[in-house]
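# Structural overview
What follows is the residue order along each chain.
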Amino acid sequence: MKLSSCLHILSRRQLSFTTTLFAATPSPPPPPPPPPDQFLYLTDLFSIFTALSNNPRNYKALTSLDSLLNQARHLDAATSVLVIHALSQLNKLQRTKSLLFNLRSQANLCPYFLYSIVIDCVVKPGTVDEVEAFWTDIFRPSTIDISDYVIYICKFGDADDIRNVSQRILIGGSGLRQQSYVGLIGALCRENEGGLAMEVLRQMASRGLQCDDITYFLLFRCFCRRGDLDVADLILRKMVRRRYRIDVCVYGSFIHGLCKSGKFREAGKLFRKLIKKDCFKVDGAELLLKEGRRAIFQLNCEGVVPEVMAYEMYFRSLCSAGKLDEAEVLLKKMMKRRSVPEICVHGSFVKGLCLAGREVDAMRFFYVERKKGLIQVDQLAGFVIKELCRKGKVDDAGRIFDETLENGGFVNPSDASNCLLAGYWEVGRVGEAERLFGSMMSGGGDGGFGRPDLLTYTTMVSGYCKQGNVSKAVSLFGEMENGNIPVNGRLYEMIVKGLCDDDRPKEAHMHLNEMIKNGHLISFTRWKTLFYSTFVGNKTMVSRLDSEFGRQ
């Protein structure tokens with residue numbers, strides 16, 4: 001959407017706020033909670049932006065803009081970000097600097113969020129050095145720099161945030177500190193962005209910075225997870241040259257990659273090599289890797305992987321690739337050898353069966369294992385309940401939960417209750433979801449349900465918003481805040497989107513402002529996505545504002 005169109009919509013929206021305040025005609029009218037001049041101020045401001053988008057050198061509009069920006073105290077945090085966005089697109093950088101400084105001093109916002117505005121909005125086409133220069137010109141002395149910001153994004157940002165900051169780093173500039181490069185590569189690997197991680201690694205090496213062994217392993221595992229075995233093989237050779245100690249994690253990752261890419265014959269070959277008793281051992285063999293053959297088949301594997309772990313990692317890789325019949329045969333072989341696998345191995349089998357639409361087989365497997373009594377069936381019950389709820393089989397999951405408790409077993413009550421709660425919402429059984437939530441609120445009741453936690457409230461708020469009952473979602477969100485229950489950015493986003501869908505933009509704006517002030521909005525990129533998908537991208541709300549504006 002063009003800036004002029006966006007500003008036109010926003011100016012009408014602010015005008016609708018104003019007309020709402022002055023619609024009543026009693027004499028004298030009671031003063032509204034927010035001062036009306038704030039909305040009049042915004043209406044005038046957006047009309048100026050519309051004029052400047054048509055003619056950036058409009059002297060009269062520029063003079064009026066400066067006069068209004070001198071009254072920036074009328075702007076809250078949410079509106080300030082919008083104004084900065086508009087000023088940046090109009091290339092009014094000096095005015096943007098003043099507003100950024102006022103925003104930090106008055107609202108005391110998180111410096112990392114302000115830095116994200118600079119790097120992703122104000123100096124978006126520029127290099128990292130230009131971003132740093134712009135930032136230090138506003139805030140002296142500077143408390144954070146680009147390396148600090150990268151660490152922050154790696155910890156709290158989503159995939160888009162991490163990709164954006166990586167691409168900005170690769171444009172050029174003075175670069176990052178070693179710790180920030182390592183953290184960025186790790187975050188990219190976590191998001192399966194192996195190609196971008198390799199580019200960051202090359203830039204890191206070009207600046208004379210060394211990468212540690214753990215980072216190389218993360219890259220190796222990332223490409224195995226993607227099924228890109230040629231690149232994984234190259235990284236493995238690099239690890240061998242660095243004398244990295246090849247362990248069970250390396251072998252497990254590569255077997256997973258082989259199964260992921262459909263190379264089941266090679267995966268079976270590697271598995272048999274690992275459990276072979278007379279596995280070869282040649283001193284220094286790891287340093288003489290030949291081309292034309294996968295490096296992992298040339299390594300000394302004697303004593304590296306215990307037999308039971310070799311079975312487990314091969315079994316789980318088969319399950320993840322959907323080879324459930326082969327996995328079941330392998331499990332039987334394990335049991336015949338009196339090798340009892342970890343409970344997570346059985347959980348992988350249950351998950352694979354449910355993903356394949358074989359929920360009946362998953363329950364049958366659970367009952368057989370419970371009868372055998374060889375594993376911790378209580379923990380297996382937790383896996384079954386979780387997967388059945390994901391598939392909408394809430395009644396079956398509830399029955400297994402009840403049976404486990406009746407037999408004296410223990411299933412984590414909060415985890416099981418949250419799974420059942422999400423399952424009820426998934427299949428549209430709102431009344432049962434509300435009753436379960438009420439039982440959890442009253443301390444679990446006689447059903448063994450756990451106490452509500454953040455996931456419980458998030459599930460309820462999400463369910464109400466999707467159902468269209470936004471008032472209940474807002475009420476529940478308010479109870480969380482009043483009860484000192486921690487909230488997060490995801491909950492705020494649900495509330496803001498729900499209010500916009502319910503044609504309540506003023507309340508949505510209020511919650512967006514609180515979201516920014518309380519530090520729950522991580523970056524400008526996230527703000528832009530949320531704002532354009534709700535306030536600007538909501539066709540119902542825009543048409544409603546069109547009709548209201550036309551009547552005035």
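Below you will find a few notes about this structure. Because the structure is predicted, anything quoted here is derived from the model rather than measured. (Residues numbered from 1 in each chain as written. Predicted model: local features only at pLDDT ≥ 70, side-chain atom pairs only at ≥ 80, totals over all residues. Heavy atoms only, no water.)

## Structural notes on the packing of helix H6 (residues 111–122) against helix H8 (residues 146–156)
Taken N-terminus to C-terminus, the directions of H6 and H8 make an angle of 105°; their axes are 11 Å apart at the nearest point. Taken together, H6 and H8 sit at an angle that is classed as roughly perpendicular. Residues Tyr112, Tyr115, Ser116, Ile119 and Asp120 of H6 form the contact with H8, whose own contacting residues are Ile146, Asp148, Tyr149 and Tyr152. (Axes fitted to C-alpha atoms, helices over the stretch in contact; angles between N-to-C directions. Helix = DSSP H or I, 4+ residues; strand = E, 2+ residues; numbered from the N terminus. Parallel < 35°, antiparallel > 145°, perpendicular 65-115°, else oblique. Contact = heavy atoms within 4.5 Å.)

## Structural notes on the packing of aromatic side chains
For the structure shown, the criterion picks out 19 aromatic pairs. Arranged with centres 5.5 Å apart and planes meeting at 55°, the rings of Tyr152 and Phe156 form a pair that is tilted. Within this pair, Tyr152 and its partner Phe156 are both found in helix H8, separated by four residues, close to a single helical turn. For the pair Phe401 and Phe449, a centre-to-centre distance of 6.0 Å together with 25° between the ring planes defines the contact as stacked. Within this pair, whereas Phe401 is found in helix H21 (residues 394–406), its partner Phe449 is found in the loop between helix H23 (430–441) and helix H24 (454–467), the two being separated by 48 residues in sequence. Joined through ring pairs, the aromatic side chains of Tyr112, Tyr115, Trp135, Phe139, Tyr149, Tyr152 and Phe156 make up one cluster. Stacked on the ring of Phe139, the Lys or Arg Arg104 has its end atom at 6.0 Å from the ring centre. For Lys269, the ring lying beneath its charged end belongs to Phe297, and the centroid distance is 5.1 Å. (Phe/Tyr/Trp six-rings, centres within 6.5 Å; stacked < 30°, edge-to-face > 60°. Lys NZ or Arg CZ within 6 Å of the ring centre and 35° of its normal.)

## Remarks on the nonpolar core
Among the nonpolar cores identified, the biggest contains 172 residues, and Ile117, Leu184, Phe220, Leu236 and Tyr251 are the most heavily contacted of them. In contact with Phe220, not counting residues within four places along its chain, are Ala232, Ile235, Leu236, Met239, Val250, Ser253 and Phe254. (Core = buried A, V, L, I, M, F, W, Y, C linked by side-chain atoms within 4.5 Å. Buried < 20%, exposed > 50% of the residue type's maximum accessible area, 1.4 Å probe, protein only.)

## Side note on the pattern of salt bridges
Side-chain pairing between opposite charges can occur once the charged atoms of the two side chains come close. Under the defined criterion, the tally for this structure stands at 28 salt bridges. Between Lys391 and Glu359 there is a salt bridge, with its nearest N and O atoms 4.0 Å apart. On the criterion of sequence distance, the pair formed by Lys391 in the loop between helix H20 (377–390) and H21 and Glu359 in helix H19 (residues 359–372) is long-range, its members being 32 residues apart. Of the residues examined, Glu359 reaches a relative accessible area of 11% and is grouped as buried. (Salt bridge = Lys/Arg side-chain N within 4 Å of Asp/Glu carboxyl O.)

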